[in-house]
Amino acid sequence: MGERWSFMILRATFNGLRHFEEFLDQLGIARNILSNRLARLVEAGILVREPCADDRRRVEYCLTAKGYDLLPAMLALRQWGEKWALGVPSNPVLCDVRDGLPIASITIRAADDRVLGPRELTWRDRADLVMSGYSGAISND
């Protein structure tokens, strides 16, 4: 994920692109580089290749659960860019299907759902948490 084209392909996938030719047209990437990056994303378990339902000769690239887990990070980077780099809001706007309103900003939240700022965070050793009796889920990420 640390290279430009993989990031762009992932963003395009979140925006609904699924086919090789769509990526090629939208991203302006060379065929060999696109093929290589798609293969790497499949190998990493972020995308999966599936035959198209309407034409079994074509292939779709779909996000896996591992790939979908990258959405908050992608959204956080987009929101950061909107705030600090672009100076104007991006279009299209990601909205909640239920009410049609834009999603809230990505935040860091405590176990009790409080929004936390940088001064309210600290790193602790996992073993210390277990020894102190913490019984909640500890992310392996």
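Up top is the structure these notes are about.
Residues numbered from 1 in each chain as written. Predicted model: local features only at pLDDT ≥ 70, side-chain atom pairs only at ≥ 80, totals over all residues. Heavy atoms only, no water.

Looking at the secondary structure, you find Ile108 in the loop between helix H5 (71–86) and helix H6 (126–131). Along the backbone, Ile108 and Val130 are 22 residues apart, and their C-alpha atoms lie at a distance of 22 Å. When near neighbours in sequence (up to four residues on either side) are disregarded, Ile108 contacts Arg114, Val115, Leu116 and Leu121. (Helix = DSSP H or I, 4+ residues; strand = E, 2+ residues; numbered from the N terminus. Contact = heavy atoms within 4.5 Å.)

What follows deals with unusual backbone geometry. For Asp113, which is not a glycine, the phi torsion comes out positive at approximately 80°. Its location among the elements puts Asp113 in the loop between H5 and H6. Relative accessible area serves as the criterion here: at 49%, Asp113 is assigned to the partly exposed category. (Buried < 20%, exposed > 50% of the residue type's maximum accessible area, 1.4 Å probe, protein only.)

This paragraph deals with the pattern of salt bridges. Should their charged atoms come close, side chains of opposite charge can pair. Counted under the stated rule, the structure contains 5 salt bridges. The salt bridge involving Glu21 is made with Arg31; its shortest N-O contact spans 3.0 Å. Here Glu21 is found in helix H2 (residues 20–27), whereas its partner Arg31 is found in helix H3 (residues 31–43), with 10 residues between them in sequence. (Salt bridge = Lys/Arg side-chain N within 4 Å of Asp/Glu carboxyl O.)

Attention now goes to the nonpolar core. Core analysis: the biggest nonpolar cluster contains 18 residues, and Ile9, Phe23, Leu27, Ile29, Leu34, Leu38 and Leu47 have the highest contact counts within it. Looking at this core, the elements that each hand over two or more residues are helix H1 (4–14), H2, H3 and strand S2 (59–63). (Core = buried A, V, L, I, M, F, W, Y, C linked by side-chain atoms within 4.5 Å.)

As a further point, take the packing of aromatic side chains. Here the structure, examined in full by the defined rule, presents 2 aromatic pairs. Ring geometry for Phe14 against Tyr68: centres 6.3 Å apart, planes inclined by 65°, an arrangement best described as edge-to-face. Taken together, the residues Phe14 in helix H1 and Tyr68 in helix H4 (residues 65–68) connect sequence positions 54 residues apart. Residue class for Phe14 comes out partly exposed when judged on its relative accessible area of 21%. You can call Tyr68 partly exposed: its relative accessible area is 44%. Measuring from centroid to centroid gives 6.4 Å for Phe23 and Tyr61, while their planes differ by 65°, and the two rings are edge-to-face. Of this pair, Phe23 sits in helix H2 while Tyr61 sits in strand S2, placing them 38 residues apart in sequence. (Phe/Tyr/Trp six-rings, centres within 6.5 Å; stacked < 30°, edge-to-face > 60°.)

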